[in-house]
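Understanding the architecture of this molecule
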Amino acid sequence: MKTFRQVFAVALVCCSVSAIPALSQIEGETIATSTAHSVAAIQDTETPAQRDARMAWWREARFGMFIHWGLYSIPAGTWKGKQIPSIGEWIMNNASIPVADYKALASQFNPTDFNAHNIVALAKSAGMKYIVITAKHHDGFAMFASKADPFNIVDATPFHRDPIRELAEECRKQGVKLGFYYSQDQDWTAPGGAAYKTDHHDLPSHHWDPAQDGDFATYLHTKAIPQIKELLTNYADFPVVIWFDTPTADMTPALAGEIVALLNQHPNLIWNNRLGGGYKGDTETPEQYIPAQGFPGRDWEACMTMNDTWGYKSYDTNFKSTETLLRNLIDIASKGGNYLLNIGPDSKGNVPPPEVERLRQVGKWLAINGEAIYGTKPTLFGGEAGSFSATEKDAEGKPKFIPAWNWRSTTTADKIYIELFAWPGDSFTLPGVPRTVTGAYLLADNSHAALKVTKTGDGIAVALPSHPLDNIATVLVLTTK
Ligand code: JFZ
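Residues numbered from 1 in each chain as written. Predicted model: local features only at pLDDT ≥ 70, side-chain atom pairs only at ≥ 80, totals over all residues. Heavy atoms only, no water.

Once that is clear, we can look at the sheet that holds strand E17 (residues 453-456). Strand order across the open sheet formed by 3 strands is E15-E18-E17, with antiparallel pairing between neighbours. Taken across any chain shown, the strands that pair with only one partner, and hence form the sheet edges, are strand E15 (427-430) and E17. Going from strand to strand, the sheet's axes swing by 20° on average, the running direction of each strand aside. Pairing geometry for E15 and strand E18 (residues 459-463), over 4 bridges, is antiparallel. (Pairing = 2+ DSSP bridges. Helix = DSSP H or I, 4+ residues; strand = E, 2+ residues; numbered from the N terminus. Axes fitted to C-alpha atoms, helices over the stretch in contact; angles between N-to-C directions.)

This is the structure:
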């Protein structure tokens, strides 16, 4: 019997340290550390050089596409005529939909407009180097051919196609990498699968339908582990990433170890910090926020939505501007992270037009300025990202970070890139440059005409034209030695 808090206390260790940080302290939950692993993970045994080789493509990539797509795209945020608040892929949970009613959606799922070629081409035109798609979300519905469980897109719908296979083939053709999101712990339609229930934390199991009751280990052994095996072996060179989610206390170190033993058979695989059982995985996964200073010493990936939902909601039109999305990408790159930006296709398989439009605009910028993002290292400065308030406190009671949006910086061995958001006027001054600057030009200027650089103490001033070349971000390149 677990309370909502206990469930979340464990989840939070892996997922969202800043969201409800006090809970793990309140509960005094002990989390297994890497030394207590029943099965050693690749991160525990590889050398730093092996790790660098394994992470190389991912660190170069910087920008990926998250796809949340499943049966929840049919209700699209509305159940029995009522708009259900919060994220669309949680509708079964938030509306307490009985298992049989939710499962019945499968017979209506026929996304005949789904076109893997177009989705992969869209990711490419946005400048994204990898895709992570929901192979199975918390609703338990497999978006792939599964012998392990009949509640899947090939066997339970009139569509009868495997979009994961189609995407894998297109990704191979178009040179994009493919990873799978798999909800290993929560499964709301399988007996024994876990469920968070935020409004019924008095219920011991968090279940809202007796059909959900059962033994978690049995669920894991009969559904999740066999399906993870299918995903790891049925798609040739993919997946390159497994993106786990929402671990609960049910995922003991021993049970998680069984999954790790499978993952270890795929030595190039990258997996995140949301498996559970005390495993740290490869990547931190800040969700819907960009950490003030990144995660020094850890690989990390901020996942974010373009509107306020992951899974499609027909009436969520609260889309962020291209300016915000692009500046987020630059902000993340300047802190050494990746940006996993979500799309939520509808029940016919179409990507909402506002999402397509924004991705194309970000891609246009990257086509010109991509060398300031891909494969770069973080800023040499840091103060430009903002500062900690002397008076305001964040949810943890620590000084609140107030971001500044004048400029960011990324680096390579012989270049410093300055992404200018606010145009500084005729001259950009940079105090304290830790390298010798040998020249300067604007990346979007085809001729790379030299800009005048003046030394100012331990810094420089660069003479600029009176107007930016791009209103969202103009990249100033400093060549250095
Ligand atoms: C999880 C999912 O529940 C959600 O549907 C979506 O897939 C997202 C990418 O990941 O969302 C979470 C997970 C953990 C927390 C919050 C949201 N948490 O621990 O605070």
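In the structure shown here, the tally under the stated rule is 2 cavities of 30 Å³ or more. Counted as a void, the largest cavity has a volume near 40 Å³. Every residue lining the largest cavity is listed: Trp58, Val241, Trp243, Ile270, Trp271, Asn272, Thr283 and Glu301. Of all elements in the fold, only strand E6 (241-243) and strand E7 (270-271) reach the threshold of two or more residues within the lining of the largest cavity. Tallied by class, residues from the lining of the largest cavity come to 5 nonpolar, 2 polar and 1 charged. (1 Å grid on protein atoms, 1.4 Å probe; cavity = no way out; pocket = protein on both sides within 12 Å on 5 of 7 lines; lining within 4 Å. Points joined across faces, edges and corners; volume = space filled by probe spheres on them. Nonpolar A, V, L, I, M, F, W, Y, C, P; charged D, E, K, R; others polar.)

Considering the arrangement of structural elements, one finds Leu366 in helix H12 (residues 353-369). Separated by 40 residues in the primary sequence, Leu366 and Leu326 place their C-alpha atoms 9.2 Å from one another. The contacts of Leu366, once residues within four sequence positions are left out, are Phe63, Ala126, Gly127, Leu329, Ile373 and Tyr374. (Contact = heavy atoms within 4.5 Å.)

Below, the discussion takes up the site of the ligand. Taken together, 16 residues form the shell around the ligand, and within it His68, Glu89, His137, His138 and Asp245 come nearest. Between the ligand and the protein, one listed contact pairs an oxygen atom with a side-chain N or O atom of His68 at 2.7 Å. Trp90 has a polar side-chain atom sitting 3.0 Å from an oxygen atom of the ligand. For the ligand, whose unbound accessible area comes to 450 Å², protein coverage reaches 89%. A per-class count over the shell around the ligand returns 7 nonpolar, 5 polar and 4 charged. (Near = heavy atom within 4 Å. Polar contact = N/O pair within 3.5 Å; in protein donor to acceptor, adjacent residues only side chain to side chain. Areas by Shrake-Rupley, 256 points an atom, 1.4 Å probe, with all protein chains shown as cover.)

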